[in-house]
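Breakdown of the fold
Okay, here's what each chain looks like letter by letter:
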Amino acid sequence: QDSFEEIKIDSLGFKPEQDGEGLIQKSLPKSWTDRIKVSGYIQARYNGLFETNPDLEVPQMDKNWGADKGISLRRVRLKVSGWLLDNVYVYMQADFAGSPTLRDAYMDLYFDHHKSTWLRVGQSKVPFGFENMQSSQFRIPLDRTDAINSALPNERDLMAVMYHTPQKVRKIYEYMKRNNLKHSGNYGTFALGAYNGQGINTSDLNENLHVVARASWPFQFANDQIMELSIHGYTGQYVLPNTSEGLEAEITNGNGEKEIVYAAGQNFDDARLGATFVWYPQPIGFQAEYNYGKGPEYDVPTNMVKTKELHGGYAMLYAKIDYTHHQFFPFVRYIYYDGGKKFELDARSYNVNDVEIGVEWQPNRAFEFVAMYTIANRTYVDSQNPYNDQAGNLLRLQMQVNF
Amino acid sequence: QDSFEEIKIDSLGFKPEQDGEGLIQKSLPKSWTDRIKVSGYIQARYNGLFETNPDLEVPQMDKNWGADKGISLRRVRLKVSGWLLDNVYVYMQADFAGSPTLRDAYMDLYFDHHKSTWLRVGQSKVPFGFENMQSSQFRIPLDRTDAINSALPNERDLMAVMYHTPQKVRKIYEYMKRNNLKHSGNYGTFALGAYNGQGINTSDLNENLHVVARASWPFQFANDQIMELSIHGYTGQYVLPNTSEGLEAEITNGNGEKEIVYAAGQNFDDARLGATFVWYPQPIGFQAEYNYGKGPEYDVPTNMVKTKELHGGYAMLYAKIDYTHHQFFPFVRYIYYDGGKKFELDARSYNVNDVEIGVEWQPNRAFEFVAMYTIANRTYVDSQNPYNDQAGNLLRLQMQVNF
Amino acid sequence: QDSFEEIKIDSLGFKPEQDGEGLIQKSLPKSWTDRIKVSGYIQARYNGLFETNPDLEVPQMDKNWGADKGISLRRVRLKVSGWLLDNVYVYMQADFAGSPTLRDAYMDLYFDHHKSTWLRVGQSKVPFGFENMQSSQFRIPLDRTDAINSALPNERDLMAVMYHTPQKVRKIYEYMKRNNLKHSGNYGTFALGAYNGQGINTSDLNENLHVVARASWPFQFANDQIMELSIHGYTGQYVLPNTSEGLEAEITNGNGEKEIVYAAGQNFDDARLGATFVWYPQPIGFQAEYNYGKGPEYDVPTNMVKTKELHGGYAMLYAKIDYTHHQFFPFVRYIYYDGGKKFELDARSYNVNDVEIGVEWQPNRAFEFVAMYTIANRTYVDSQNPYNDQAGNLLRLQMQVNF
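Residues numbered from 1 in each chain as written. Chains lettered and ligands numbered in written order. Predicted model: local features only at pLDDT ≥ 70, side-chain atom pairs only at ≥ 80, totals over all residues. Heavy atoms only, no water.

1. Overview of the overall build of chain A
For chain A, the helix and strand inventory stands at 4 helices and 19 strands. The C-alpha atoms of chain A give a radius of gyration of 21 Å, which matches the 22 Å a tight globule of 403 residues would have. Dimensions along the principal axes, computed over C-alpha positions, put chain A at roughly 65 × 50 × 40 Å. Out of the 403 residues belonging to chain A, those deemed buried represent 64%. Residue pairs at least 24 apart in sequence account for 64% of intrachain contacts in chain A once pairs closer than 6 positions are excluded. Counting only carbon and sulfur atoms, one obtains 56% of the accessible surface of chain A, whose full area is about 14,000 Å². The positive charge centre, built from 40 side chains, and the negative charge centre, built from 49, are 7 Å apart in chain A. (Helix = DSSP H or I, 4+ residues; strand = E, 2+ residues; numbered from the N terminus. Rg over C-alpha atoms; globule rule 2.2 N^0.38 Å. Buried < 20%, exposed > 50% of the residue type's maximum accessible area, 1.4 Å probe, protein only. Contact = heavy atoms within 4.5 Å. Areas by Shrake-Rupley, 256 points an atom, 1.4 Å probe, with all protein chains shown as cover. Lys, Arg positive; Asp, Glu negative; His and termini not counted. Charge placed at Lys NZ, Arg CZ, Asp CG, Glu CD.)

Structure follows, in structure tokens:
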């Protein structure tokens, strides 16, 4: 009934007059309000309660985390999306928090009569991981994790990706949507594509595109419980967008020899392999992801950027509790990450050990409230700040409206 | 009938099936076009006629006031707003003139069955003053006044505010809407809240939030004439966003002693108390506001920023004249302000004495035209420009379209 | 039926209840979805195939043309437009590719009962040329030409323009719309107006406005073939927005003597006269434009900016081929330009000789694909890069979705 669910799930109408004859519709819906819809959501936050360490900041996740930031808007999203024909879908999303930026702008072209195979071109989420795919509109904790999201800050890139979702899997997605099980949305049971690799709203900076692949299958058992398993990986070369002046890097040249060069403008290997396990909350859920890879990372002893190993993941135990017409999602999550953040200054080196305990409360489909206590322990260093261990706790609050 | 009126007035449907049972609606309107509407307005201006002093600029009010600025767009506003449930309202507004910026993004949560008490969270107008509350879409003169608007440039901040409007007052608002009496919109008969205090789209810069309170009551007499009286005030501490390098400030330290420090990064007291009187135009209207307070202000003799008194106000005599289906709003307004503008360079010191004579013409509900002759006399000084008296006259024109 | 056509063509309903009595409608359409519609289009590109010269860049046309730019979004357009009354029309368009910017924000006020004469005020396309008027949504080749578009980068300015289109011409426009003949849209058979002259989203920088005039008449013959002829011109004075430090210019002063001054801040003559010939594709089409004028241009021998002659044009042979429900538009285009680009660094001097061969494929009304092979030969020089001849070929691809 309500249409706040993930975008691709919109395609699950299964109307017989469309689904079996996908490619024969030739004219657009007459009314513009049938071609597209306008929707969005707003997240307002207050990160200032019971803060024990004002120097602890987590800019990738929330720029208003840290000393004295007051009330903030984390996301102000406006979307325009719709099925123009039964084989052409468009999606556009902008964020208006702070200064306006484009998030998504893509077109989907379907190749078969069952809406199961499609090509997506434009700026969209790169199919790597589960939490990256899941909209912040539906995620239970306030932020994604360093472990997974450090692969793709803002989750998106300029790309061309082929997706395939078998019809039987779409029916499981539909079941999860109907039951508000916090699925990630339909980003393909199988996905294979190429993307620039330098992040959102950015031209590529080297001659190669990143390549990404993902397979994710939901198994629904006789008792209706659902388990989803995914593997996903990407590989490419990355140019650091932000380095301290004169910073050097150790690279391996074409002859296989180590060489010292300036970090700025260099190509660094950037590759990850990850896996996801999700047991959907009927009523107890468990979600875990892990990924392992290599990428540029600031090295303190040598004051250089090197290509280093990185790895990390998270595990979350949660539940879905219905009380009258309210829904509650209590959760506890542990996050671990050891590696660089390629998009931060000098490919800043991180070591993260965070625990979060919280609850999302949905009194209705339009409004959500999240309270979350974070116990963070983070080391993050770059050439300008080579000693930086920050531990601290705080309570974080969010109110969200969906429209 | 037309729906260009102020946002909160949209809530005045008084539909019996909603109004008495506000909290029992559980599902969203099925069509997205019933959940939200898209609307907006555009203001195009020409400030170049009969200009006697090209050096006279009023950047807070109109960046295209001064020498040779040509045709300009003052506001290009796009809004998405709507009742998602009978107790959840969303409002989002962006401005696209110059470079796009977010103006409003908030959610309203209603607590009672009569839509009379609500919590607003997000970025929205701070309930201080009458002209600050009234949308530029409906204001008769082209700009707000230095006297009131210097409290809150852009009128908005990141905030959480409780509002209460009794049902009998909402009926008077409804009467004013129906008769196009240029009300300010429903920002609560009573309001109490907290906000960051550093302005629109900006994080807080110190450990305290500003606090604001307002009470505003419209009295409707037996002859239908309406008089509205308001008092409003706020207090907090403000950090100057823009100071000349090395500029000093005189502050009072914790021991009550005067001390000379650098102005940048200092907390300055920032507090005002104001009052409004409005006699609505049936057909003659009168509107006056005054406020008094203290805040940072550049001091010429010492070349320092000091916490100084400020005060100012305006008085406007106007009328509403119906001629066939056209409406005309002739007006004359006098503005006085003596104080600092905390958000300008060095908390620039102002002394303003302006007279404006003009008329707004509404041939229909979609289009408006304003012509306004301004006789300005302004002194505004900072450490880089400590002698600066500017007087001058000009004719200003505006065309506005409402959609 | 479909409503993706040019904006002004929307006005061609010819509903008897409106068209004869234009000025008597007094109330707005009750539903907001009848007042305005939301629409737009997205263009995704890949310029990286078979590139022979990575140093060849064409920033005015496509910032992602050149070495290693990867997948890009050329345009992400969102429009809000509609007839508010039968004599008031509003149009607003923003682009979200890269960082969001406003393109159009204007109001149209009609003066007669036949929607034939109107005043447009705000930011909109300046009526100079054919390809400048035609939306990129409908143009066959990927980009406009240096020859015409160098007059008005982004095609738009802040302006007030009177338009007139006789009813018999509107019927020809309507015929061309129905048959997808790639018309430019209704920018007036006759147009006369004033604009700032410094480009989109920019204040004027001198005391005079540019003046523009255009006449464009489509002749429809007995066999339904249509030929359109246009002349158009503008004149004004332009201030260079971007000059190397200390760069000098040779100008003619008030006494008619040559004088050497700094280029920054100077007024340069900026005037052009142009003509267009279009034979619409039933099924063979031919389109040619030429313009001649003067403007600021970097001069290599003297290392100065001078007011110099400029001229250039293009000729395009194309066809419209229907195959089942698909439409194909093969084309070949030759571009020539010799002159300055006033809005680029130092009024960069250009000499352009490009040939393009390609095809646009429309499988349906929502989606388009363009492949285009470019053979470019370009010299472009400024004081920082006074020797710069670049020739090269490449294949360019575009996918476009219309919503």
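Past the structure itself, the notes keep going.
2. A word on helix α4 (residues 167-178) of chain B
Taking 1.5 Å per residue as the helical rise, α4(B) with its 12 residues ought to reach 16 Å, and the 17 Å between its terminal C-alpha atoms agrees with that figure. Within the span of α4(B), buried status applies to B:V169, B:R170, B:I172, B:Y173, B:E174, B:Y175 and B:M176. (Expected span 1.5 Å × (residues − 1).)

3. Focus: unusual backbone geometry
Residues and elements named next belong to chain A. In this model, Q282 is joined to P283 through a cis peptide bond whose omega is -5°. Of note, P283 is situated in the loop between β12 (267-279) and β13 (284-299). Of note in the backbone geometry, A347 takes a positive phi value of approximately 50° without being a glycine. Structurally, A347 is set in the loop between β16 (326-340) and β17 (349-362).

4. Looking at the environment of A:H164
Residues and elements named next belong to chain A. Turning to its location among the elements, H164 is positioned in strand β6 (residues 156-164). C-alpha separation for the pair H164 and D143, spaced 21 residues apart in sequence, amounts to 28 Å. Beyond its immediate stretch of four places on either side in the chain, H164 contacts S116, T117, W118, G188, T189 and F190. At 3.3 Å, the side chain of H164 and the backbone oxygen of S116 are in polar contact. (Polar contact = N/O pair within 3.5 Å; in protein donor to acceptor, adjacent residues only side chain to side chain.)

5. Quick word on the pattern of salt bridges
Residue and element names in this part refer to chain B. All told, the structure shown has 75 salt bridges over all chains when counted by the stated rule. Among the ionic pairs, E356 bridges to R333, the shortest N-O distance being 2.7 Å. Of this pair, E356 sits in strand β17 (residues 349-362) while R333 is found in strand β16 (residues 326-340), placing the two residues 23 residues apart along the sequence. Neither residue differs from the other here; E356 and R333 are each classed as buried. (Salt bridge = Lys/Arg side-chain N within 4 Å of Asp/Glu carboxyl O.)

6. Let's talk about the side chain of B:R272
Its place among the elements puts B:R272 in strand β12 (residues 267-279). Of the polar contacts made by the side chain of B:R272, one reaches the backbone oxygen of B:A147; its length is 2.9 Å.

7. With respect to the relation of the copies chain A and chain B
Expressed as a screw operation, the relation of chain A to chain B combines 0.0 Å of axial shift with a rotation of 120°, fitting to an RMSD of 0.0 Å. In short, the pair behaves as if placed about a three-fold rotation axis. The rotation axis passes nearest to the C-alpha of A:P100 in chain A, at a distance of 3.8 Å. With a heterologous cut-off of 20% or less, the 14% of interface residues of chain A that recur at the interface of chain B puts this contact in the heterologous class. (Least-squares fit on C-alpha atoms with pLDDT ≥ 70 in both.)

8. Some points on the environment of C:E174
Residues and elements named next belong to chain C. As for its position among the elements, E174 is in helix α4 (residues 167-178). With a relative accessible area of 18%, E174 lands in the buried category. Taking the C-alpha atoms as reference, E174 lies 42 Å from L345; in sequence the two are 171 residues apart.

9. Considering the pairing of strand β17 (residues 349-362) of chain C
All names here are of chain C. Pairing geometry for strand β16 (residues 326-340) and β17, over 14 bridges, is antiparallel. By the bridge assignment, Y336 is partnered in β17 with N353. As judged from the 11 bridges shared by β17 and strand β18 (residues 367-381), these two strands associate in the antiparallel manner. Paired with E356 across the bridge in β18 is T374. (Pairing = 2+ DSSP bridges.)

10. Notes on the nonpolar core
Core analysis: the largest hydrophobic core is formed by 93 residues, its most contacted members being A:F96, B:F96 and C:F96. The contacts of A:F96, once residues within four sequence positions are left out, are A:V76, A:L78, B:M92, B:A94, B:F96, B:L102 and C:F96. (Core = buried A, V, L, I, M, F, W, Y, C linked by side-chain atoms within 4.5 Å.)

11. Looking at a nonpolar patch on the surface
A cluster of nonpolar residues, A:I284, A:F286, A:L317, A:V332, A:I357 and A:I375, forms a patch on the protein surface that exposes about 480 Å² of accessible area. Mapped onto the fold, A:V332 is located in strand β16. (Patch = residues over 30% accessible without salt bridge, like charges linked within 9 Å, V, L, I, M, F, W, Y side chains within 5 Å.)

12. Considerations on the interface of chain C and chain B
With 40 residues of chain C at the interface, the matching set in chain B holds 35 residues. For the pair chain C and chain B, the summed buried surface comes to about 2,900 Å²; carbon and sulfur atoms form 77% of the total. Together, C:W32, C:M92 and C:M107 form the three largest contributors to the area buried by chain C at its contact with chain B, with a combined 21%. Between chain C and chain B we count 0 salt bridges in total. Applying the counting criterion to the chain C and chain B interface returns 5 residue pairs in polar contact (both at pLDDT 80 or more). At the level of elements, α2 (32-35), β2 (71-85), β3 (88-95), β4 (101-110), β5 (117-125) and β6 (156-164) of chain C are the ones that each hand at least two residues to the side of chain C that touches chain B. The element that contributes the greatest number of residues to the side of chain C that touches chain B is β4(C), accounting for 6 residues. (Buried area = accessible area lost by both parts, 1.4 Å probe.)

13. Details of the confidence of the model for chain A
With 94% of its residues at a pLDDT of 70 or more, chain A shows a mean pLDDT of 93. Every residue in residues 1-24 of chain A scores below 50 in pLDDT, and together they form 77 contacts with partners more than four places removed in sequence or on other chains. (pLDDT = per-residue confidence, 0-100.)

14. A look at the side chain of C:E344
Residue and element names in this part refer to chain C. Mapped onto the fold, E344 is located in the loop between β16 and β17. Given a relative accessible area of 8%, E344 falls into the buried group. A distance of 2.7 Å separates polar atoms of two side chains, one belonging to E344 and the other to Y350.

15. Describing the environment of A:Y163
Structurally, A:Y163 can be placed in strand β6. Along the chain, A:Y163 and A:S116 lie 47 residues apart, while their C-alpha atoms are 7.8 Å from each other.

16. Notes on the interface of chain A and chain B
Between chain A and chain B, the contact holds 35 residues from the first and 40 residues from the second. Taken over both partners, the interface formed by chain A and chain B buries close to 2,900 Å², and the fraction arising from carbon and sulfur atoms is 77%. Inspection of the region where chain A meets chain B yields 0 salt bridges. The interface formed by chain A and chain B includes 5 residue pairs in polar contact (both at pLDDT 80 or more). At the level of secondary structure, the elements contributing two or more residues to the side of chain A that touches chain B comprise α2 (32-35), β1 (37-49), β2 (71-85) and β19 (389-402) of chain A. It is β2(A) that provides the largest number of residues to the side of chain A that touches chain B, a total of 6 residues. Tallied by class, residues from the side of chain A that touches chain B come to 18 nonpolar, 11 polar and 6 charged. (Nonpolar A, V, L, I, M, F, W, Y, C, P; charged D, E, K, R; others polar.)

17. Here we look at the relation of the copies chain C and chain B
Mapping chain C onto chain B leaves a residual RMSD of 0.0 Å; the transformation is a rotation of 120° accompanied by 0.0 Å of translation along its axis. Both copies present different contact surfaces, since only 12% of the interface residues of chain C are interface residues in chain B too.

18. Details of the packing of aromatic side chains
All names here are of chain B. If you walk through the whole model with that rule in mind, you get 48 aromatic pairs over all chains. Aromatic side chains F190 and W217 sit 6.2 Å apart centroid to centroid with 50° between the ring planes, which places their arrangement in the tilted category. Pair noted here: F190 is in strand β7 (residues 190-195) and W217 is in strand β8 (residues 210-220), with a separation of 27 residues, a long-range link. For F190, a relative accessible area of 39% translates into the label partly exposed. In this structure W217 comes out as partly exposed when scored by relative accessible area, which is 26%. (Phe/Tyr/Trp six-rings, centres within 6.5 Å; stacked < 30°, edge-to-face > 60°.)

19. Notes on the pairing of strand β13 (residues 284-299) of chain C
Residue and element names in this part refer to chain C. Note that strand β12 (residues 267-279) and β13 share 9 bridges and pair antiparallel. What sits directly across from F277, in β13, is A288. Once β12 ends, the chain turns through 4 residues before running back antiparallel as β13. Sheet analysis places β13 next to strand β14 (residues 304-319), joined by 16 bridges and oriented antiparallel.

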